[in-house]
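Inside the fold
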Amino acid sequence: MIMPLPASSKTINTITADQANTLPAGPAGNRLVLMGFSCKESAGIPAAATFTIQNAAAVDTAKILAHVNLTASQSTREWWGPGGIDADNGITIDFLTGQFDITIWYIYAQDV
């Protein structure tokens, strides 16, 4: 059985580079669980933006949880509740192109 702890979110604006260890792995006895995200392309002159969300403390293309491709001025969101996606190594955003804002929803869960 998994006992979820209170949900949280983190917002990062104007991403133009990798965001290593965006969310760290959970403290001992807790697992980081990615519940979802919302993002929007945010360049002053609208242009495409591309990034991945990874289950890693630093960029690691072997641990991609989601690929995101935004067209100019586009926004999107994903929700993986109620179970979410395990991200026990932490969450890193691998910036590829463009500029964007993102909010990540997550929980730390305890195995009981």
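If you walk through the whole model with that rule in mind, you get 5 aromatic pairs. When the ring of Phe37 is compared with that of Trp80, the centres are 5.8 Å apart and the planes differ by 45°; the resulting orientation is tilted. With Phe37 in strand β4 (residues 30-41) and Trp80 in the loop between β7 (75-79) and β8 (85-86), this pair connects stretches of sequence that are 43 residues apart. Their ring planes at 65° and their centres at 6.1 Å tell us that Trp79 and Trp105 sit as a pair that is edge-to-face. A residue pair is termed long-range when its members are at least 10 positions apart, and Trp79 in strand β7 and Trp105 in strand β10 (residues 100-111) qualify at 26 residues. Following the ring pairs from residue to residue traces out a cluster consisting of Phe51, Phe95 and Phe100.

Further remarks concern unusual backbone geometry. Each neighbour pair has its own omega, and for Gly81 with Pro82 the value is 5°, a cis peptide bond. Among the secondary structure elements, Pro82 is positioned in the loop between β7 and β8. For Ser73, which is not a glycine, the phi torsion comes out positive at approximately 65°. Note that Ser73 resides in the loop between β6 (64-70) and β7. Given the relative accessible area of 54%, Ser73 is considered exposed.

Position of Glu41 relative to the elements: it lies in strand β4. Discounting chain neighbours no more than four positions away, the residues touching Glu41 are Pro46, Ala47, Ala49, Leu70, Thr71, Ala72, Ser73, Gln74, Gln99 and Phe100.

All right, on to the sheet that holds strand β3 (residues 19-23) then. Pairing is antiparallel in the open sheet, where 4 strands are placed in the order β3-β9-β5-β6. The sheet terminates laterally at β3 and β6, the two strands that pair on one side only. The sheet shows a mean angle of 25° between the axes of neighbouring strands, direction not considered.

Attention now moves to the environment of Asn89. Position of Asn89 among the secondary structure elements: in the loop between β8 and β9 (91-97). You can call Asn89 partly exposed: its relative accessible area is 33%. Separated by 31 residues in the primary sequence, Asn89 and Ala58 place their C-alpha atoms 9.3 Å from one another. In this view, Asn89 contacts Ala25, Asn55, Ala56, Ala57 and Lys63; residues no more than four positions away in its chain are not counted.

Reading the values: rules and limits
- Residues numbered from 1 in each chain as written.
- Predicted model: local features only at pLDDT ≥ 70, side-chain atom pairs only at ≥ 80, totals over all residues.
- Heavy atoms only, no water.
- Phe/Tyr/Trp six-rings, centres within 6.5 Å; stacked < 30°, edge-to-face > 60°.
- Helix = DSSP H or I, 4+ residues; strand = E, 2+ residues; numbered from the N terminus.
- Buried < 20%, exposed > 50% of the residue type's maximum accessible area, 1.4 Å probe, protein only.
- Contact = heavy atoms within 4.5 Å.
- Pairing = 2+ DSSP bridges.
- Axes fitted to C-alpha atoms, helices over the stretch in contact; angles between N-to-C directions.

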